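A look at the structure
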Amino acid sequence: MNFSAEHQLFRKTVRDFVEHEIEPHVDQWEREGAFPAHELFPKLGALGLLGLEYDPSYGGQGADHSYTVVAGEELGRIGCGGVPMAISVQTNMATPSLHRFGTDELKRRYLAPAISGHMVTSIAVTEADAGSDVAALRTRAVRDGDEWVINGTKLYITNGAQADWLCLLARTSGDGGYQGMSQIVVPTDVEGFAVSRKLEKLGNWSSDTAELSFEDVRVPVANTIGEIGQGFQQQMAQFQNERMIAAYQAVGGAERALERTADYLKHREVFDRPLLANQHIQFTLAELAAELDMARHYNYACAEAYMRGEDTTRYATIAKLATGRLIRRVADTCIQYHGGIGYMEETWTSRYFRDSRLLSIGGGADEVMLRILARLDGLET
Ligand SMILES: Cc1cc2nc3c(=O)[nH]c(=O)nc-3n(C[C@H](O)[C@H](O)[C@H](O)COP(=O)(O)OP(=O)(O)OC[C@H]3O[C@@H](n4cnc5c(N)ncnc54)[C@H](O)[C@@H]3O)c2cc1C
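Computed from a predicted structure; not experimentally measured. Just so you know, the residues in each chain are numbered from 1, in the order the chain's sequence is written. Predicted model: local features are reported for residues with pLDDT of at least 70 only, side-chain atom pairs are reported and counted for 80 or more only, and whole-chain, interface and lining totals are derived from all residues. To obtain the side-chain values, all non-hydrogen atoms of the structure were included, while hydrogens and water were left out.

**Concerning the overall build of the protein**
Here a helix means four or more residues in a row that DSSP labels H or I, a strand means two or more in a row labelled E, and each is numbered from the N terminus. Along its length, the protein carries 12 helices and 10 strands. The globule rule is 2.2 Å times the number of residues to the power 0.38, and the radius of gyration it is compared with is taken over C-alpha atoms. The globule rule puts the C-alpha radius of gyration for 381 residues at 21 Å, and the 21 Å found for the protein is close to it. Dimensions along the principal axes, computed over C-alpha positions, put the protein at roughly 80 × 50 × 40 Å. Per-residue burial over the protein gives 54% buried out of 381 residues. Within the protein, contacts between residues at least 6 apart in sequence are counted, and of these 74% link residues at least 24 apart. Only protein chains enter the accessibility calculation, which uses a 1.4 Å probe; a residue whose area is less than 20% of its type maximum is buried, one above 50% is exposed, and one in between is partly exposed. Whether two residues are in contact is decided by their heavy atoms: any pair within 4.5 Å suffices.

Structure (structure tokens):
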């Protein structure tokens, strides 16, 4: 990946924004169990960060994917997992299908305000009995004239309590399995929609996670994204964007965690010398940094393939799997070498330890990534 002076300037802009507009509030947002998306997103939108690759006629920047890589790495350095995850739901999980397949009318009504940050979005796929196995989902949209009538529930939906619209995946025909699903834009101010529960979590406290319910919710059939019946296939493509941004953010976060840990160990004296003077610790950190470097360059290879227009399923799957596993080891090592203070809530390590655990579960668990790889490699019997 060739980063130009313009990329470096962009990196600095994002880093400065994070330092001044996000970091000072993170502790409070974590305590409150949510960040104010309707306050933060318009600021991100004004900087162009919510529509980097999107068409300028809807307010996007029309930039190439390399800028998403930079933004992902920098947002990943935020001192919590919740805020970067919520931002990437808006940019890389709930809107790519709409940008790719939506009608002009739908994009003007829902994509443009998501890019400017005036509307908050969620991706609503998972259900209580359909997480890893998306094809098992039961939320149903039945056609009544020009409207869909939607019934069902969705679980663990990020931004769910604050969202203005959802990119919903629902069954729109009686065909089972991977067939007969559609992606539908569902505004949340419609009758029959409710946030039935706000969920308490191990980590990512500043991001709200909700259970949503739909009781005879009516939306126009014109709110369908792309082709009726192609929802599953479109969502599988959208998952690639989700997995790539998650991998970029993971690298940024782990890089910062290793920097902060090395810094601490330079000053913490045990047995009359800095902890970092122990070769064992130097080697452990050096090895993790080396693995992180490999992950970073693997991400770059993935991003380049994406920019060439290639199918990145294999790259994105490996990137998410590898970074998810790596950051768990980074977080464990950081907390270990901090000792007791590392276990305290007052130290960043405890939040990082909790938050980093999610990547191996959300957006497809490690085992789901392995299932995809086994299939791609012809290992399934
Ligand atoms: C904080 C958070 C935020 C989330 N945000 C969203 C969101 O915004 N939108 C959304 O739609 N969803 C969201 N999710 C849901 C997330 O994508 C699912 O939790 C995830 O895909 C796993 O599904 P599940 O929880 O149903 O686990 P299950 O499907 O019950 O699987 C449980 C475990 O079984 C293992 N497993 C699964 N399949 C196999 C297999 N074939 N072989 C071996 N082992 C296997 C895995 O380890 C997996 O973790 C979120 C989840 C969390 C925790």
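**Focus on a nonpolar patch on the surface**
A patch consists of residues whose relative accessible area exceeds 30% and which take part in no salt bridge; residues with like charges are grouped when within 9 Å of each other, and nonpolar side chains (Val, Leu, Ile, Met, Phe, Trp, Tyr) when within 5 Å. Note on areas: Shrake-Rupley, 1.4 Å probe, and residue coverage restricted to the protein chains presented here. What makes a salt bridge here is a side-chain nitrogen of Lys or Arg within 4 Å of a carboxyl oxygen of Asp or Glu, nothing more. There is a patch of nonpolar side chains on the surface, built from I341, Y343 and M344 and spanning about 320 Å² of accessible area. Locating M344 in the fold gives a position in the loop between α10 (340–343) and α11 (348–355).

**Points about the site of the ligand**
As a structural note, the neighbourhood of the ligand is formed by 17 residues, with I123, T126, S132, Y156 and E367 the closest of them. Distance and chemistry together define a polar contact, namely a pair of N or O atoms within 3.5 Å, with one atom able to donate a hydrogen and the other to accept it when in protein, and with adjacent residues in sequence counting only for side-chain atoms on both sides. Within the contact set of the ligand, a nitrogen atom lies 2.8 Å away from a backbone nitrogen or oxygen of Y156. When the ligand is considered free in solution it has 980 Å² of accessible area, and contact with the protein chains removes 64% of it. A total of three residues in the shell around the ligand trace back to one element, the largest contributor, which is strand β3 (residues 147–158). Considering only residue class, the shell around the ligand consists of seven nonpolar, seven polar and three charged. We call a residue near a given molecule or strand whenever any one of its heavy atoms falls within 4 Å of it. Three classes are used: nonpolar for Ala, Val, Leu, Ile, Met, Phe, Trp, Tyr, Cys and Pro, charged for Asp, Glu, Lys and Arg, and polar for all others, with Gly counted as polar.

**Points about the domain arrangement of the protein**
Reported domain spans reflect what an automatic or database domain assignment gives. Once the domains are mapped, the protein shows domain 1 (5–116), domain 2 (121–229) and domain 3 (233–376). Here the C-alpha centre of domain 3 lies 21 Å away from the C-alpha centre of domain 1. Taken residue by residue, the interface counts 32 residues in domain 1 and 24 residues in domain 3. The buried area of a pairing is the accessible area, by a 1.4 Å probe, that goes missing from both parts when the two are put together, added over both. Taking both sides of the interface into account, the surface hidden between domain 1 and domain 3 amounts to around 2300 Å²; carbon and sulfur atoms contribute 52%. E73 is the partner of R296 in a salt bridge, and the nearest nitrogen-oxygen pair spans 3.4 Å. Counting residues per element, the ones that place at least two in the side of domain 1 that touches domain 3 are α1 (5–32), α3 (65–75), α4 (82–93) and α5 (96–101). Of all the elements, α3 adds the most residues to the side of domain 1 that touches domain 3, at seven residues. Residue composition of the side of domain 1 that touches domain 3, by class: 11 nonpolar, 12 polar and nine charged.

**What about the packing of α3 against helix α7 (residues 231–267)?**
Between α3 and α7, the shortest axis-to-axis distance is 6 Å and the interhelical angle comes to 45°. Viewed along their axes, α3 and α7 adopt a mutual orientation that is oblique. At the point where α3 passes α7, the crossing takes the right-handed sense. Between α3, through H65, T68, V69, G72, E73 and L75, and α7, the contact on the second element is made entirely by M244, I245, Y248, Q249, V251 and G252. In this description, a line fitted to the C-alpha atoms serves as the axis of each element, helices being fitted only across the stretch in contact, and the angle between N-to-C directions of two axes falls anywhere from 0 to 180 degrees. Reported orientations rely on four angle classes, namely roughly parallel under 35 degrees, roughly antiparallel over 145, roughly perpendicular from 65 to 115, and oblique for the rest. Two helices cross in a left-handed way if the nearer one is turned anticlockwise from the farther one by less than a right angle. They cross in a right-handed way if the turn is clockwise.

**A word on the nonpolar core**
Each nonpolar core is a collection of buried residues, namely Ala, Val, Leu, Ile, Met, Phe, Trp, Tyr and Cys, held together in the definition by side-chain atoms within 4.5 Å. The biggest cluster of nonpolar side chains holds 33 residues, and the ones touching the most others in it are L98, I123, V134, W165 and V185. Every element with two or more residues in this core is listed here: α4, α6 (104–116), β4 (165–171), β5 (181–187), α7 and α8 (279–307). Core analysis: the second largest hydrophobic core is formed by 25 residues, L40, L50, C80 and V120 among them.

**Details of the packing of aromatic side chains**
Classification of ring pairs rests on two measures: the distance between centres of Phe, Tyr or Trp rings, Trp counted by its six-membered ring, which must be within 6.5 Å, and the angle between planes, read as stacked under 30 degrees, edge-to-face over 60 and tilted in between. Counted according to the given criterion, the structure contains nine aromatic pairs. Ring centres of Y178 and F232 lie 4.7 Å apart, and the angle between their planes is 45°; on these two criteria the pair is classed as tilted. Taken together, the residues Y178 in the loop between β4 and β5 and F232 in helix α7 connect sequence positions 54 residues apart. Taken together, a centroid distance of 5.4 Å and an interplanar angle of 55° make the contact between Y298 and Y315 tilted. One end of the pair, Y298, is in helix α8; the other, Y315, is in helix α9 (residues 313–338), with 17 residues separating them in the sequence. We classify Y298 as partly exposed; its relative accessible area is 26%. Judged by relative accessible area, which is 26%, Y315 ranks as partly exposed. Here a set of aromatic residues connected by ring pairs shows up, and it is made of W29, F35 and F41. The criterion for a charge sitting over a ring is simple: Lys NZ or Arg CZ within 6 Å of the ring centre, and within 35 degrees of the ring normal. Taking NZ or CZ as reference, R11 lies 5.7 Å from the ring centre of F3, over its face.

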